[in-house]
Structures are given as C-alpha cells and as structure tokens.
Amino acid sequence: MKGKINILVLVRWFVQWNGTSQVAYNLCKEFIKSGHNVLVITYKDYADPKWTQEIPTVKISKGCYNPISFGSIIKILKKYDIGIIHSHGLLGLAAALLQKRYIVTYHGEWPMNMFSSVRGFLASFSLLPLHILEMKRARRVICVSRFMKLFIKNAFNIESIVIPNGINEEIIINKVDPSHREDLIVFLGSLIRKKAKYLVDVIRALNNIVGQKLTFAIIGRVRDKSLYETLCKIPNVKIYGYIPENEKLNILRKAKVMILPSIAENIPMAALEAFSQGVPVVAFNVGGLPEIIIDGYNGFLINNWDVNLFAKRVIKIVNNLDVYVRLAQNAILYAKSHTWKRVAKE
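As the structure is a computational prediction, the values presented were derived from the model and not from experiment. Here the residue numbering is sequential within each chain, running from 1 through the sequence in written order. Only residues with pLDDT of at least 70 are given local features in this predicted model, and only at 80 or more are side-chain atom pairs given and counted; all residues enter the totals for whole chains, interfaces and linings. Side-chain measures were taken over the full set of non-hydrogen atoms in the model, leaving aside hydrogen atoms and water.

Asker: Just to check I follow, could you spell out helix 9 (residues 199–210) for this structure?
Answerer: Helical geometry note: an α-helix holds 3.6 residues per turn, so side chains three or four residues apart project in the same direction. Segments assigned H or I by DSSP are reported as helices when at least four residues long, segments assigned E as strands when at least two residues long, and all are numbered from the N terminus. Expected span of a helix, by definition, is 1.5 Å for each gap between consecutive residues, and there is one gap fewer than residues. Over its twelve residues, helix 9 extends 17 Å from the first C-alpha to the last, a length consistent with the 16 Å expected when each residue adds 1.5 Å. For every residue, the accessible area obtained with a 1.4 Å probe (protein chains only) is divided by the maximum for its type, and the residue is called buried under 20%, exposed over 50%, and partly exposed between those limits. Buried within helix 9 are the following residues: L199, V200, V202, I203, A205, L206, N207 and V210. Count one or two residues on from helix 9 and you reach G211, which has phi positive near 70 degrees.

The structure is reproduced here in structure tokens:
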C-alpha cells in the first residue's frame, strides 16, 4: 500500500483471548507503523481496554441483526473518506448495504464452530447465510488457509485468496538454549471440545509411558467445566486459565513441546506462538494444520486420532536432545518467515 490510507477495520470481538481479534489487532498495529490511519469498530462488550487505548476504536451494541449497530457503522461510512474497509466477519454487511467496496477475511466460523458445542453449532449455522452474503458482496475474500479456501469454493462457490496468519516479530527468540528447557508440555487454547476432546487421553497416555515425570501447563479460557474438573484430578497438570501475554511467553520459553489435540482447526495462533518461542508442536492432522506444521520439521502430525502415537511423538522430542533442538530451531525459522509485517504488506 503506497501513500497514507484511511483504513476501517470491522471486527465483532476485539479481545486478547480470541484468535480473530489477535489477527485484527496485529494487522492494525502494522498498518499504523506504515503510516496509515486506522479506526476499529467492535462490540462494546468485547473491547479490550488496553487495545482500545492503543488503537482508535468505536464501540457499538452487540448483534449482527441489530439495526442500531449497523446504523452506527453506516454513519461512520458516510462521514469519513475511507480508503479500505476490512471486515473480519459479518459487520462488513453494513458496507454492502451502502454498496461500498470492502475486503473480508473469513476465519472459518463455519464449519469450525460446529465442533465446539450444540450451542456453538446452532449459533454458527444460524449466521452462515450472513457470512455467505458478506463474502459474495465483497471485493475480495481472504482465507487464512488453503484448507478454508477449498472449503468455501466447494461449499459456496466463492473464490478467495490465501493470506496466512502471522506472528509479532518482536517476540520471536533467535536461538534455543536447551539448558533453560524443562520437561514441560504446554496446551495453549480454550478448554472446549473442539480443541481439547482428546487432551485428557493424551495426558494419560503420556503418564502411562513415563509415569508423572512430565509437567503439563494448560493455558487458556476454561469453557468446559467437566473437562476442567477432570484435569484438576491429574497431579502433574497445572491449569493457568487465561493469562497475560508476558506470562504465557515465559512459560513457553521453558517448554519442550506444545500439544494441539484439536478435532478441528484452521490456522491457530497458538501454534505460531509456540514456534516463535522455539517450541515444536504435536497435533492431529486436521484442517489447516498441515500447512504450518511440517511433519518431522517443526513438529509432528498424527493421523486417525491415534492417541498412543501422539504420546510417542511427544516423548521422542522430550527424550532426544538432537530431535528437540532441530525441530525447535526450525520452528523459529518458520515464525520468522511468517511475521505480521509480511502479512500486512500482502
């Protein structure tokens, strides 16, 4: 982008614990660094105070069907000379009503949310027609993975381009020091069925192999009470819940492996965060994960929900220094080639 541009970013949630929000926030920071003017519109109930101090933000009432919300957006669209409108889901429909040209990034709410809960499935399914309408009216549709690009093409006949998620280059470490690493395994993500259905099984499989010599750090919002209560009964598991970024990075810098036993994923920020701290990722081979986790290079991919093989791959990294160092350094190299600065230019 050449010259100074007024950029309007539309995102329903603008909070640190949400992946889509992190994408929007980091892109906003890169746009501002490049000299552009940025304004964010988000729901007032999901606006992070720290972020809204950093980036000019208009907070509106919640609701994709809420005429007051759309009315607020339309007033801004009419008032200001906006060069680029970038929607991160549904709020771009306000631009469509005014026949304004806009870009939309589809983060994969459907079919991803169908795996989280019955409520998540119903909510996601009910909004699907609006997602389709927003994408069909957009000047350009962006997907963060080839997996999602193929899905919306086959399911909705919508063409798109792929621009992957990135990582903040300021947090990427340069080199791994094995002497500072512990036999620590990290799970990073919300405790929900989509991400953690097999988490307890994986931990138990690892404990069956090596006893309780490993320590497990569970970082992320607790949304499944039953799963939380089960994990609390395992002695070598520590549940942190949601914690600030600096605390999360400090834990990752001590870890040897991140486990990602998700049953559905697009391009999770958690994997990129792990790579940035020299932590290889072991995950099930689902969704967009094969596009960032290269089996045997920066982690391992497991097919067919094979929990025992999953555990063996984790042990292979933990017990073999050469394997760990090789995968960890490759993870750092991958992170360095996928910074938000590069993504913003695209």
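After that view, the rundown keeps rolling.
Asker: Looking at this structure, I do not really get the sheet that holds strand 11 (residues 257–260). What am I missing?
Answerer: Either a parallel or an antiparallel arrangement is found when strands of a sheet pair, and the pairing is made through backbone hydrogen bonds. Any two strands are treated as partners once DSSP identifies two or more bridges connecting them. Taking strand neighbours across the sheet as the criterion, the six strands line up as 10-9-8-11-12-13 in an open arrangement whose pairing is parallel. Of all the strands in the sheet, the pair left with one neighbour each is strand 10 (237–241) and strand 13 (299–302). Taken pair by pair, the neighbouring strands of this sheet meet at an average axis angle of 20 degrees, ignoring direction. Bridge count between strand 12 (residues 281–284) and strand 13: four bridges; the pairing is parallel. Bridge pairing in strand 13 links V281 to G299. With respect to the sheet, helix 11 (residues 245–252) is in contact with strand 8 (184–188), strand 9 (215–219) and strand 10, its orientation differing from that of strand 8 by roughly 145 degrees. All axes are obtained by fitting lines to C-alpha atoms, using only the stretch in contact for helices, and the reported angles, taken between N-to-C directions, cover 0 to 180 degrees. Contacts between residues were defined by any pair of non-hydrogen atoms, one from each residue, lying within 4.5 Å.

Asker: Please clarify how the packing of helix 9 against helix 10 (residues 225–232) should be interpreted in this entry.
Answerer: Packed helices, taken two at a time, are described by the angle between their axes plus the distance between the axes. For the pair helix 9 and helix 10, the least separation of the axes is 10 Å and the interaxial angle reads 15 degrees. Relative to helix 10, helix 9 is oriented roughly parallel. Considering only the axes of helix 9 and helix 10, their crossing is left-handed. Along its contact with helix 9, which presents L199, V200, I203 and R204, the element helix 10 presents L227, T230 and L231. Per-class residue counts for the contact of helix 9 with helix 10 are five nonpolar, one polar and one charged. With respect to orientation, any angle under 35 degrees is reported as roughly parallel, any angle over 145 as roughly antiparallel, any angle of 65 to 115 as roughly perpendicular, and every other angle as oblique. Crossing handedness is read from the near helix: turned anticlockwise from the far helix by less than a right angle, it gives a left-handed crossing, and turned clockwise, a right-handed one. Each residue receives one of three labels: charged for Asp, Glu, Lys and Arg, nonpolar for Ala, Val, Leu, Ile, Met, Phe, Trp, Tyr, Cys and Pro, and polar for the others, Gly being one of them.

Asker: When you look at the packing of aromatic side chains in this model, what are you seeing that I'm missing?
Answerer: Two descriptors summarise a pair of aromatic rings, namely the distance from one centre to the other and the angle between the planes of the rings. Aromatic pairing here means that ring centres of Phe, Tyr or Trp (its six-membered ring) are within 6.5 Å. Orientation follows from the plane angle: under 30 degrees is stacked, over 60 is edge-to-face, and everything else is tilted. Within this structure, the stated rule accounts for eleven aromatic pairs. Note on W13 and W17: the rings are 5.3 Å apart at their centroids and 65 degrees apart in plane angle, and the pair reads as edge-to-face. Here W13 falls in the partly exposed class, since its relative accessible area comes to 29%. Members of the aromatic cluster, each reached through a chain of ring pairs, are Y198, F284, W305 and F310.

Asker: In this structure, what is going on with the pairing of strand 5 (residues 103–106)? I would like to understand it.
Answerer: The side chains of a regular strand alternate between the sheet's two faces. Neither face of strand 5 is exposed, since I103 and T105 on one face and V104 and Y106 on the opposite face are all buried. Bridge count for strand 4 (residues 84–87) against strand 5 is two bridges, and the pairing is parallel. Following the sheet pairing, H86 is matched in strand 5 by I103. Of the pairings in the sheet, the one linking strand 5 to strand 6 (residues 140–143) comprises four bridges and is parallel in character. In the sheet register, V104 faces strand 6, and the bridge partner there is V141.

Asker: Sorry if this is basic, but what is going on with the side chain of Q277 here?
Answerer: Relative to the assigned elements, Q277 resides in the loop between helix 12 (269–276) and strand 12. Counted as a polar contact is a pair of N or O atoms within 3.5 Å, where, for protein atoms, one must be capable of donating a hydrogen and the other of accepting one, and residues adjacent in sequence contribute only when both atoms are in side chains. At 2.9 Å, the side chain of Q277 and the side chain of S276 are in polar contact. Setting aside its immediate chain neighbours within four residues, Q277 contacts I171, I172, I173, R181, L249, L252 and R253.

Asker: What am I meant to see in unusual backbone geometry here?
Answerer: Positive phi, normally seen in glycine, also occurs at L90, with a value near 75 degrees. Positionally, L90 belongs in the loop between strand 4 and helix 4 (93–97). For L90, a relative accessible area of 1% puts it in the buried group.

Asker: Help me out: how do you make sense of the sheet that holds strand 1 (residues 6–10) in this one?
Answerer: The parallel open sheet is built from seven strands, whose spatial order is 3-2-1-4-5-6-7. Both edges of this open sheet fall to strand 3 (57–60) and strand 7 (161–162), since each of them pairs with a single strand only. Those strands touched by helix 1 (residues 19–33) are strand 1, strand 2 (37–43) and strand 4, and its axis lies near 160 degrees from that of strand 2. Together, strand 5, strand 6 and strand 7 form the strand contacts of helix 7 (residues 146–156), whose direction differs from that of strand 6 by roughly 130 degrees.

Asker: Looking at this model, I keep getting lost on helix 7. Mind explaining?
Answerer: Looking at helix 7, one finds that the buried residues are M148, I152 and F156. One side of helix 7 carries all its buried residues, which in axial view fall inside an arc of 35 degrees. Of the exposed residues in helix 7, those oriented more than 90 degrees away from the buried face are R146, L150 and N154. Looking at the residues trailing helix 7, positive phi occurs at N157, about 55 degrees. In this context, the arc is that of the directions from the helix axis out to the C-beta atoms.

Asker: How should I be thinking about the layout of surface pockets in this particular structure?
Answerer: Any space left empty among the atoms is revealed by the rolling of a water-sized probe across them. Both site types are read off a 1 Å grid over the protein atoms alone. A 1.4 Å probe that fits but cannot get out defines a cavity, while an open set with protein on both sides within 12 Å along at least five of seven lines defines a pocket; lining residues have an atom within 4 Å of a point. Grid points are joined across faces, edges and corners, and a volume is the space filled by probe spheres set on the points. Here the second largest pocket defines a volume of roughly 340 Å³. Around the second largest pocket, the lining is made up of 21 residues, and of these H86, I142, I163, A344 and E346 lie nearest the centre. Mapped onto the lining of the second largest pocket, the elements with two or more residues apiece are helix 1, strand 4, strand 5, strand 6 and helix 15 (340–345). At four residues, helix 15 tops the list of elements feeding residues into the lining of the second largest pocket. Residues that form the lining of the second largest pocket fall into these classes: 14 nonpolar, three polar and four charged.

Functional significance is not addressed by these values, which are geometric in nature.
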